[in-house]
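Topology and contacts: notes
Chain residues, written in single-letter form:
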Amino acid sequence: MFGPLIVKPGSSRKNKTGSWRIELRPKFLQKDCIGCKMCILVCPESCIEGAEKGTYKCDYSYCKGCGMCSLICPKKDILMVKEESSKSGD
Amino acid sequence: MKEFLEGSHAIAEVIKLCKPGVISAYPITPQTHIVEDLAQMVADGKLAAQFINVESEHSAASVVLGAEATGVRSYSATSSQGLFYMAEVIFNIAGLRLPVVLTDANRAISAPINIWNDQQDTVSLRDAGWIQLYAEDIQEAVDLHLIAYRVAEDKSVMLPVMVCMDGFILTHGIETVDIPTQEQVDKFLPPYAPLYKLDVDNPMTIGPLVDPDYYMETRYAVQKTQEETLKLIPKVTSEFSKVFGRAYNGLVEGYQVKDAERVIVAMGSVCGTIKDVVDELRSKGKKVGLLKVTSYRPFPVQAICEALKNVPKLAVLDRALSLGSYAPLAAEVRSAFFGKKKAPKVISSFVLGLGGRDITKHSIKEIYRLLTTKELQQEFIDLKPELLKENYE
Amino acid sequence: MNNHLFTSGHTACSGCGQALAARLVLDAAGKNTIVVNNTGCLEVLSTKFPESSWEVAWIHSLFENAAAVASGVEAALKYSGKKESINVIAQGGDGSTADIGLQALSGMLERGHDILYVCYDNEAYMNTGVQRSGLTPFDTNTTTSPAGATSSGNIRPKKPVPEIAMAHGIPYSATASVGFPQDVQRKVKKALSIKGPKYIQIHVPCPLGWRYDPQSTMQVGKLAVETGLYPLIEYENGKLAAVRQIQPKAVEEYLKVQGRFKHILGNPAELKKIQDIADSNILKYNLRLQAQEEKQSKEG
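Keep in mind that this is a model prediction, so the values were computed, not measured.

Examining the domain arrangement of chain B
Residues and elements named next belong to chain B. Under the domain assignment, chain B is made up of domain 1 (2-244) and domain 2 (252-388). When each unit is reduced to the centre of its C-alpha atoms, the spacing between domain 1 and domain 2 is 27 Å. If you look at the interface, domain 1 gives 27 residues, while domain 2 gives 21 residues. Contributing elements (two or more residues each) for the side of domain 1 that touches domain 2: α6 (120-124), β6 (131-134) and α9 (215-244). Of all the elements, α9 adds the most residues to the side of domain 1 that touches domain 2, at 5 residues. Grouping the amino acids of the side of domain 1 that touches domain 2 by side-chain chemistry returns 12 nonpolar, 9 polar and 6 charged.

Quick word on the interface of chain A and chain C
Tallying the contact residues gives 28 residues for chain A and 31 residues for chain C. Breaking the side of chain A that touches chain C down by element, the ones donating at least two residues are α1 (38-42) and α2 (68-72) of chain A. For the side of chain A that touches chain C, the element with the highest residue contribution is α2(A), accounting for 3 residues. Of the residues contributing to the side of chain A that touches chain C, the split by class is 13 nonpolar, 8 polar and 7 charged.

Observations concerning the nonpolar core
Core analysis: the biggest nonpolar cluster contains 241 residues, and B:Val22, B:Val163 and B:Val265 have the highest contact counts within it. Taken domain by domain, this core gets at least three of its residues from each of domain 1 (2-244) and domain 2 (252-388) of chain B.

A few points about the sheet that holds strand β10 (residues 252-255) of chain B
Residues and elements named next belong to chain B. Taken in spatial order, the 6 strands make up an open sheet running β10-β12-β11-β14-β15-β16, and their pairing is mixed. Every interior strand has two partners, whereas the edge strands, β10 and β16 (379-380), have only one. Sheet topology places strand β15 (residues 346-351) next to β16; 2 bridges connect them, and they run parallel. In the sheet register, Val351 faces β16, and the bridge partner there is Phe380. Those strands touched by helix α11 (residues 301-308) are β10, β11 (262-266), β12 (288-293) and β14 (313-318), and its axis lies near 10° from that of β10. Set on the sheet, helix α12 (residues 328-337) makes contact with β11, β14 and β15; between it and β14 the angle comes to about 145°.

Overview of helix α3 (residues 66-79) of chain C
All names here are of chain C. Taking 1.5 Å as the rise per residue, α3 with 14 residues should run 20 Å; its terminal C-alpha atoms sit 20 Å apart, in good agreement. The element α3 is extensively covered by neighbouring structure, given that 13 of its 14 residues are classed as buried. In the stretch just after α3, Gly81 is the one whose phi turns positive, near 70°.

With respect to the packing of helix α7 (residues 138-152) of chain B against α9(B)
All names here are of chain B. Following both chains from N to C, one finds α7 and α9 inclined at 125°, their axes separated by 10 Å at the closest point. One element, α7, and the other, α9, form an angle in the oblique class. At the point where α7 passes α9, the crossing takes the right-handed sense. Residues Asp143, Leu146, Ile147, Arg150 and Val151 of α7 pack against Thr229, Leu232, Ile233, Val236, Thr237, Phe240 and Phe244 of α9. Among the residues forming the contact of α7 with α9, the class breakdown is 8 nonpolar, 2 polar and 2 charged.

Here is what the cut-offs are and how they apply
- Residues numbered from 1 in each chain as written.
- Chains lettered and ligands numbered in written order.
- Predicted model: local features only at pLDDT ≥ 70, side-chain atom pairs only at ≥ 80, totals over all residues.
- Domains from an automatic or database assignment.
- Contact = placed C-beta atoms within 7 Å.
- Helix = DSSP H or I, 4+ residues; strand = E, 2+ residues; numbered from the N terminus.
- Nonpolar A, V, L, I, M, F, W, Y, C, P; charged D, E, K, R; others polar.
- Core = buried A, V, L, I, M, F, W, Y, C linked by C-beta atoms within 7 Å.
- Buried ≥ 20, exposed ≤ 12 C-beta atoms within 10 Å, placed from the backbone.
- Pairing = 2+ DSSP bridges.
- Axes fitted to C-alpha atoms, helices over the stretch in contact; angles between N-to-C directions.
- Expected span 1.5 Å × (residues − 1).
- Parallel < 35°, antiparallel > 145°, perpendicular 65-115°, else oblique.
- Left-handed = near helix turned anticlockwise from the far one by under 90°.

Given below as structure tokens:
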């Protein structure tokens, strides 16, 4: 009745911002991870998930490839790798 | 109950009966008494509202916007410069479909600064999407506030309403007014039940960015609602008369129009003066009449055409201007008749009473007299040409 | 995604400090929160119809009135007897807070509403193209305070909004930085546990406006704090209650990683002016770590 005025919560999840990535993507080695959860804390896209150490990874359909997780990881367990070099789901 | 009351106080009494949860206003002459009375009622525990003293009218309107969006009936009042300061929020409230009710004590606008009555303030905001109702006397002003909440909060409307009452004339005038009982008001005005609100249990995003692919439909929706409201208002006034015993059309009111040869179209308290002149001239056999416009927005095109299609000469009386073009009410009345088979032969435009210049019975008689001459594009009545000579003393 | 109250799919620039800060604030506040947002980057990037990244009740009205709209929301909740269990947060960028919205903010603080105001300070009107605001630091290159042949950028220091807020007699006024994300959440939680008006100003580096690699948002934020240019302080009831102590780094370390200061690097006179600002902050708030410890050992 009002036209486009009100929006349902969380509806932005339809927008797969992963398509913004051009060069690099984060590779979660899950090797030396200590479970500090700093990667989850700093991701501006809220797209990193994980339950315990060694399980953290991002949802590539939203990841914009900023690299903040890689730079903050105290164990250098997240590497920024070239987009083409990874298979999907890596 | 009938009481001898100052207009502002009568408004405060009826607002108290409407039980708003949040009241926020900023002082400006001549609205001050309304809000002061409400503050006293809250202080005395007679009105359980949150009374928010804000630092500007922009914030007063923003506070009622926020309160209404949270699902609580709210109220504000302002005038002239205050209305203009909150103008941005006024458009925003209508766009967000929030049924705020606001009283405007009609006052001239600056520059130059003038605190006395005309209708430039509210008429200048006619494009904002608000419903605008104009009161002839204090009783009508009281009743229009009840009708305002009822119409605004109707699920088919959800648009804000501005009740316009001439500053000083109606706000500071004293009349015998019938103030309804709480039972009557509760019968007529159901509790506010918004279609959407800020609710932590049902979160919504309100006020998004809307790009060219989506924006037009929201504005069309407001226009459509305004048009539909033309049908609702007479239904509401009919309900009103059953509960309170006073009859209004709500859109227009014809006074001695049926066989009139000359009719003045006007809004606001000047209609009282015009009615007196009509009575006087009718007693002398002159066939004159008045069409009072109550609802300026939505503009009652059909009602006006129906009432006046057989009247040969119309005078439209404006207490506002659209500087650089025709006076607003005159332009809209002329447009209403354009292309219609049955229409007045003469529609003359008259501007008077700006900045509180008194409109006397003599001024009105002058208008009826001028209607017998040629059609006038825009005639200023009671203008003092000597004041236009350069004079720096 | 998962339990975040500011979710994925928004159109913030890659590495946006403000988007990160918004999520930190929302997650700390919890779902019993109503947010009132000014116009700006955050509002635009998160609510382009028909998509919204907000998982809480959220409203946007105009550019300058979040504090006033929030006052109305709070009043409505008080009227309905619901204010006790619901947080009200009014938020906006530095432009909408320090400039056009300062009046509304002042009114809200003065009236004593139980509202937390969060200012996301990226130090310019970023949404409209990096124009200078009242919180743009001295000598910053913005589009309306550009560095040029006869100018070194913005000629005025930052408006002291946390102090202005504090001067209203509110119980809590603080600064925070996205470079210290747990501190942001701690301060938000602390503020929301206090009744009355609260103000938190969060420094949020902007990769596009400040011109640095998006990956470094956290590091740039940390450097601002560690040089003394963005002191992290907390005022409680008018008194300076806590500061984050630092081993001060030279301001050049912060300035050199950002394109918006590159005109300063070859200009020792301007560099000194900026260092003086940092030094006077360090003195004023007693930020120097060693000095504190020495003082303690002398008194101890």
